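Residue-level structure breakdown
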Amino acid sequence: MTAKIKVITQFIVVCLFTISCKHSDEHKYHTVIDKIEANTVEYKGEISSDIYNETIKKVEVIDSDFKFLIPERKSQIVSYKCSECHSQPLEKLKEHKVGEKAAHWNIKLNHAGPETMNCTTCHNKNDFDHLQSLTNSSIDFNFSYKLCSQCHQKEFKDWKGGAHGKQLGGWAPPRLSNTCVNCHNPHNPKFEKRWPVRFNTTVEKERE
Amino acid sequence: MKTLKVFGSLIKDAFLEVTHGSRAYHIWMGVLTLIMLFGMYNYSIQLEQGLSATGMTDRVSWGLYISNFTFLVGVAAAAVMLVLPAYVLKNIDFKQAVLIGEGLAVSALLMCLAFVVADMGGPARLWHMIPGIGVFNFPNSMLAWDVIVLNGYLFINITIPLYILIMRYQGKTPNPKIYIPGVFLSVFWAVAIHMVTAFLYQGLQARPFWNNALLGPRFLASAFAAGPALIIIVLAIIRKFTAFKIADETIKKISMIVTVAAQINLIMLISELFKEFYAPTHHSISAVYLFFGLEGKTALLPWIWTSISLNVMATIALTFHKIRNNLNILYVLCGMLFIAIWIEKGFGLIVPGFIPGPWGKISEYTPSFVEISVTLGIWAMGAFIFTILAKTGIAVEMGQLVYKKK
Amino acid sequence: MSETNKKWYSLNLNRSKKSESCGCGSNSGGCNSDKPKDGFDQIMDISMSRRTAFTKITAGLLIGAGAVSSSCSIIGSDESKEKSAMEWEEYFKGNYKLMTDEEKDKSINRLVRSYELNHGKKINISSKNAEENVLFGYAFNISKCQGYMDCVNACVEENNQDRTSEMQYIRIHEMKDGKGFNFEEADDNYYHEVPADGHFYMGTQCFHCDNPPCVEVCPVQATWKEKDGIVVIDYDWCIGCRYCMAACPYDGRRFNWKTPEVPEEEVNKNQHYLGNRLRKKGVMEKCTFCIQRSREGKNPACVEACPTGSRTFGNLLDPNSTIRWILDNKKVFRLKEDLGTEPKFWYYMD
Ligand code: SF4
Ligand code: SF4
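My aim in this report is to walk through the structure given alongside it, one point at a time. One numbering rule holds for all chains: residues counted from 1, following each sequence as written. Both sets of labels track the order of writing: A upward for chains, 1 upward for ligands. The predicted origin of the model limits local features to residues at a pLDDT of at least 70 and limits the giving and counting of side-chain atom pairs to 80 or more, whereas totals for whole chains, interfaces and linings rest on all residues. To obtain the side-chain values, all non-hydrogen atoms of the structure were used and water was disregarded.

Each helix and strand in chain B was counted, giving 14 helices and zero strands. Put simply, DSSP marks the helices as runs of H or I at least four residues long and the strands as runs of E at least two long, and each gets a number from the N terminus on. Starting at the N terminus and walking to the C terminus, you meet the elements of chain B as α-α-α-α-α-α-α-α-α-α-α-α-α-α. Atoms considered for the radius of gyration are the C-alpha atoms alone. The globule rule reads 2.2 Å times the number of residues to the power 0.38. Compactness check: chain B gives a C-alpha radius of gyration of 22 Å against a globular reference of 22 Å for 406 residues, within 12% of the reference. Along the first, second and third principal axes, the C-alpha atoms of chain B reach 70 × 55 × 40 Å. Within the span of chain B, comprising 406 residues, buried residues form 60% of the whole. Nonlocal contacts in chain B, meaning residues at least 24 apart in sequence, comprise 76% of its contacts between residues at least 6 apart. Each residue is placed in one exposure class: buried if its accessible area under a 1.4 Å probe, protein chains only, is under 20% of its type's maximum, exposed if it is over 50%, and partly exposed if it falls in between. Whether two residues are in contact is decided by their heavy atoms: any pair within 4.5 Å suffices.

Structure below.
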């Protein structure tokens, strides 16, 4: 009799074991957030985004706790340095002699209203090679985000953190993010409507 | 050694037995063979084209095959329910029914397995499931459980009747000490296969229509109505076409089981409907779709209402002794119940579980021609196997097949 | 795209079978040109006609008939002998999860070699394992998504999905403002200029649940969660039961109902065993966070393709990653959180 009971108990123990096995390691954490928090460690592995970013010229953003890369800008602007033309006063350039190429003629400012912004809100009348902040301190073209961030504080915060704007290269450090002007045209920051590049799947005819 | 010889001789005799019979018998078997061949041909189309030959899509990814599988598991489970009174309570009445019941269980199980294989995208890779050479996700996957319990059940249901038949064949009385434990096990197991099959669906949090505590018990109730109902019909046919004696009393007792099960099933159905429609939540949409259709999509309406009305009518009629005890009416009622539950477990359970899909989209399901043919083929196979088993069994029981020592 | 592949709306009652008789009788390639090939065939194919014929005869009777037939047949050239030997070995290989590194390499060599024999081109199949201290996660900004669908295109091209059935891992749902996340009323098949006024867009795909129900239910462990959190499928191990599909609450999985077809010149040859290598019919597949890219440090193709920056991918364990910043600082949520599946795919708004 006792032998029988023993066998049964053993059987039950084995059963419980099989059932509880499943919970041993995997289910140590209640939620995935717990798991993430418990295992957080700065990534120091061998994977790096450098190889994917090689071809892009970069500059580093350092702002409070954030440190990351953005594409360098000045080399991408066709007619930089500006002072190559803007050595003469604006009035003189505006006269526009025949035979001379017109520049900037197609730019129409469509960014906030005229009572808020005009060219000189951002461009420095006296130093064309730099931008200027609202308080007239000079801002490098590479770091134009500083200019945008004066008004767009919320977006700026999100951008620094990574919630706004696109990350280039890979997920691994070092981080390289697009800067504001890589996507938004500062003179016309809104995006136009356009056609999607394809249909969504037509496989199932679903509830319309 | 001797057992083997007896077994060999039984097989030989059985072969002779099943190849000889009346003209009606031959026509019956011939027709079944034709349907089977037709089903097989269509299955070869499915093998070649892939499951796109069926009506299933990413949205409704299980259809006719799995519906029939689910239903047949119920039939298999219920067939054995008759075993208990027969063997244990020494109720002589039931004994003939039991042999038929176990034969039914075996053929239902083989059909189940055939349906599962037909439903696989890669039947050639099914060996991945065999423990030892494959990988078996036990105990996590309910499907793994299901494979185990179904095969175990098949094994039990083959061995017990085989033992009894072999003993009878030699003119001996089977030893109850040997088969009674097996009988108990198989009754317990019958409940298990059905619960496990219900858990297969019940355990999916993704499908609120199935994720419902009543599913398992309801499976049982409806199975214990449909299975014995089928047995009654089969017994009636056997009584008509063979010399096998089946007392009215046996059929009436079985009809008792059918009635009680059908009543319980109906109560559970009401309970389910109440839950879905008294306080409808987001999760009731599948039920709304099933019973009333959604936004003009009404493919299931005719089916489910046929099922419900047949079910209700049959159950009410069965409840009255007078009606039930008229055997001719009883057969009709059993037929109605069987069809009602077949629809309910098939179109009424599996398909709406997928509709609407995870993102609320409705895409309907209609089985394709290939799918229907394969399904018919598998049913024909089941009937074929059952006929063979029943014919042999009856011959042995009636003492027509006896082991001759040479 | 042939008519027969469009099973979606029709009853199929009089499905006309494509004629695929092939009279050339040659054993080594050549005569299978007009037959759609699945991934397996594209790689492994010896002689479709022979195999098909054999399969048809033994249909439903002989398990594994295809492999047996082709390896037992008497074949002329050495090349096809080599192929059939490889096919045989491929058929009997084990579950990737349980393979040793050596076995993985062998299997990959076979796949690469077969593809080379058939197409004269090299493919590159990786078996790179998960990195230490990496757990992948994804964040989606519903304020930014404009419904351009660039992600879907990129995904299809990157992951060699079946072109004829238009299989897509990603769905973009167009939702009406003011209706909440009402998936029932969302338009998934829009085709007009985007973003439509008064609408917002929300993408779904496999969420790589941390407690994935799809993995629990698979009877043969053909799908599992890798150490870096990616839920993968071993295409050669899956038996096509579709239980996982029923178990997924997020419509994350796609099934190859028919032979997937990818034009040879469009095949992405940079592959991973668990990722975008060519599939065969009758197996499950789904988003793998572009395992062939993410394990190398790149972003998934959808993230790279999205012009709006709505999609963020990264290492959840790294406190300096952008995805972590989003989780810690934005009001994030996930879909159907009450199911306890713990998706590693978060949504947030500006
Ligand atoms: S979203 Fe679906 S397929 Fe993806 S891991 Fe979760 S349950 Fe599995
Ligand atoms: S379809 Fe494949 S991956 Fe999904 S549960 Fe079945 S065997 Fe597993």
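Glancing now at the overall build of chain C. Helix and strand counts for chain C come out as eleven helices and eleven strands. Residue pairs in contact within chain C that sit at least 24 positions apart in sequence constitute 64% of those at least 6 positions apart. Every accessible area reported is derived by Shrake-Rupley at a probe size of 1.4 Å, with residue values counting cover from the shown protein chains alone. Of the roughly 12,400 Å² of accessible surface on chain C, 50% is carried by carbon and sulfur atoms.

Turning our attention to the packing of helix α9 (residues 248-278) of chain B against helix α13 (residues 327-353) of chain B. Residues and elements named next belong to chain B. Convention adopted: a line fitted to C-alpha atoms gives each axis, helices being fitted over their contacting stretch, and angles between N-to-C directions are expressed from 0 to 180 degrees. Following both chains from N to C, one finds α9 and α13 inclined at 40°, their axes separated by 11 Å at the closest point. At the point where α9 passes α13, the crossing takes the left-handed sense. Between α9 and α13, the residues in contact are D248, I251, K252, S255, V258, A262 and N265 and L327, L330, Y331, L337, I341 and E344, respectively. Here the contact of α9 with α13 is built from residues that sort into eight nonpolar, two polar and three charged. Working rule for handedness: look at the near helix, and if it is turned counterclockwise from the far one by less than a right angle, call the crossing left-handed; if clockwise, right-handed. Three residue categories are used. Nonpolar comprises Ala, Val, Leu, Ile, Met, Phe, Trp, Tyr, Cys and Pro, charged comprises Asp, Glu, Lys and Arg, and polar comprises the others, including Gly.

What follows covers the packing of aromatic side chains. Only the six-membered ring of Trp is used, alongside the rings of Phe and Tyr, when aromatic pairs are assigned; centres must lie within 6.5 Å, and planes under 30 degrees apart are stacked while those over 60 apart are edge-to-face, with the rest tilted. Evaluated as defined, the whole model comprises 55 aromatic pairs over all chains. Between W62 of chain B and F354 of chain B the ring centres are 6.0 Å apart and the planes differ by 90°, which places this aromatic pair in the edge-to-face class. In this pair, W62 of chain B sits in the loop between α2 (23-49) and α3 (64-81) while F354 of chain B sits in the loop between α13 and α14 (369-397), placing the two residues 292 residues apart along the sequence. Take W62 of chain B and F354 of chain B: they sit in the same class, and that class is buried. Ring centres of Y91 of chain C and F92 of chain C lie 4.6 Å apart, and the angle between their planes is 80°; this geometry places the pair in the edge-to-face category. Exposure remark for Y91 of chain C: the relative accessible area of 13% places this residue in the buried category. Classification of F92 of chain C by relative accessible area gives partly exposed; the value is 43%. Should the NZ of a Lys or the CZ of an Arg lie within 6 Å of a ring centre and within 35 degrees of the ring normal, that charge is described as sitting over the ring. One cation-aromatic arrangement involves K391 of chain B over Y25 of chain B; the distance from NZ or CZ to the ring centre is 4.6 Å. The ring of Y235 of chain C carries R279 of chain C above its face, with NZ or CZ at 5.5 Å from the centroid.

Chain B puts 57 residues into the contact, and the matching count from chain C is 67 residues. Buried surface at the junction of chain B and chain C, both sides included, amounts to about 5,200 Å², of which 57% is carbon and sulfur. What makes a salt bridge here is a side-chain nitrogen of Lys or Arg within 4 Å of a carboxyl oxygen of Asp or Glu, nothing more. The interface formed by chain B and chain C contains three salt bridges. With its nearest N and O atoms 4.0 Å apart, the salt bridge here joins D188 of chain C to K361 of chain B. Polar contacts, as used here, are pairs of N or O atoms within 3.5 Å; protein pairs need one atom able to donate a hydrogen and one able to accept it. Residues neighboring in sequence count only if both atoms are side-chain atoms. One can count 35 residue pairs in polar contact (both at pLDDT 80 or more) joining chain B with chain C. Among the elements of the structure, α2, α6 (142-169) and α7 (176-202) of chain B are those that each provide at least two residues to the side of chain B that touches chain C. When residues of the side of chain B that touches chain C are assigned to their parent elements, the largest contribution, seven residues, is made by α2 of chain B. Buried area is a sum: the accessible area each of two parts loses on coming together, probed at 1.4 Å, counted once for each and added.

Residue and element names in this part refer to chain C. Multiplying 1.5 Å by the residue count of a helix minus one yields the expected span of that helix. Between its terminal C-alpha atoms helix α4 (residues 78-91) stretches 20 Å, which fits the 20 Å expected from 14 residues at 1.5 Å a residue. Those residues of α4 that fall on the buried side of the exposure criterion are S80, K83, S84, M86, E87, E90 and Y91. Viewed end-on, α4 has its buried residues packed into an arc of 160°, placing them on one side of the element. The directions considered for the arc are those from the helix axis to the C-beta atoms.

Residue and element names in this part refer to chain C. Among the structural elements, N160 can be located in the loop between α6 (150-158) and β3 (171-176). By relative accessible area, which is 2% here, N160 ends up buried. Sequence separation of N160 and S126 is 34 residues, and the distance between their C-alpha atoms is 15 Å. Reaching out from N160, the side chain makes a polar contact with the backbone nitrogen of N268 at a distance of 2.8 Å.

Residue and element names in this part refer to chain C. Pairing within the open sheet is mixed, and its three strands lie in the order β10-β2-β11. Either end of the sheet is taken by a strand with one partner, and the two such strands are β10 (311-315) and β11 (345-348). Strand-to-strand twist across the sheet, computed as the mean angle between neighbouring axes with direction ignored, equals 20°. For two strands to be treated as a pair, DSSP must find no fewer than two bridges joining them. In this sheet, β10 lies alongside strand β2 (residues 136-141) in antiparallel orientation, the contact comprising five bridges. Bridge pairing links Y138 to F313 in β10. Running at roughly 105° to β10, helix α11 (residues 322-329) makes contact with β2, β10 and β11 of the sheet.

In this section: the pattern of salt bridges. Residues and elements named next belong to chain C. Under the definition given, this model contains 50 salt bridges over all chains. Notably, a salt bridge pairs D328 with R324, separated by 3.7 Å at the nearest N-O pair. One end of the pair is D328 and the other is R324, both in helix α11 and four residues apart, which spans about a single turn. Residue E342 is joined to R334 by a salt bridge in which the shortest nitrogen-to-oxygen separation is 3.1 Å. The same class applies to E342 as to R334, namely buried. Here the residues in one salt-bridge network are E89, E90, K93, R110, D234, D236, R277 and K280, joined through shared partners.

On to the site of ligand 1, then. Taken together, 13 residues form the shell around ligand 1, and within it C206, F207, C209, C214 and C248 of chain C come nearest. Of the residues assigned to the shell around ligand 1, the class counts are ten nonpolar, one polar and two charged. We call a residue near a given molecule or strand whenever any one of its heavy atoms falls within 4 Å of it.

With respect to the helices and strands, the residue N299 of chain C is situated in the loop between α9 (291-294) and α10 (301-305). Note on N299 of chain C: relative accessible area 2%, which makes it buried. In terms of polar contacts, N299 of chain C uses its side chain to reach the backbone carbonyl oxygen of G169 of chain A, at 3.2 Å.

A separate point is the state of the cysteines. Residues and elements named next belong to chain C. By disulfide we mean two sulfur atoms from cysteines, separated by a distance within 2.5 Å. Scanning all chains against the criterion turns up zero disulfides over all chains. In this structure C151 is a free cysteine whose sulfur lies 6.5 Å from that of C306, the closest cysteine sulfur available. Its relative accessible area of 7% is what places C151 among the buried residues.

Our next topic: the environment of Q168 of chain C. Structurally, Q168 of chain C can be placed in the loop between α6 and β3. Considering only alpha carbons, one finds Q168 of chain C and D328 of chain C, 160 residues apart in sequence, at a separation of 31 Å.

Nine residue types can take part in a nonpolar core, namely buried Ala, Val, Leu, Ile, Met, Phe, Trp, Tyr and Cys, and a core is a set of them joined through side-chain atoms within 4.5 Å. Formed by 138 residues in total, the largest nonpolar core has its most connected members in W62, Y201 and W210 of chain B together with Y243 of chain C. Once you skip the residues sitting within four places of it in the chain, Y243 of chain C turns out to touch W62, S141, M142, L143, F199, L200 and L204 of chain B together with V217 of chain C. Formed by 61 residues, the second largest nonpolar core is a distinct cluster that contains Y43 of chain A together with F136, F140 and A196 of chain C.

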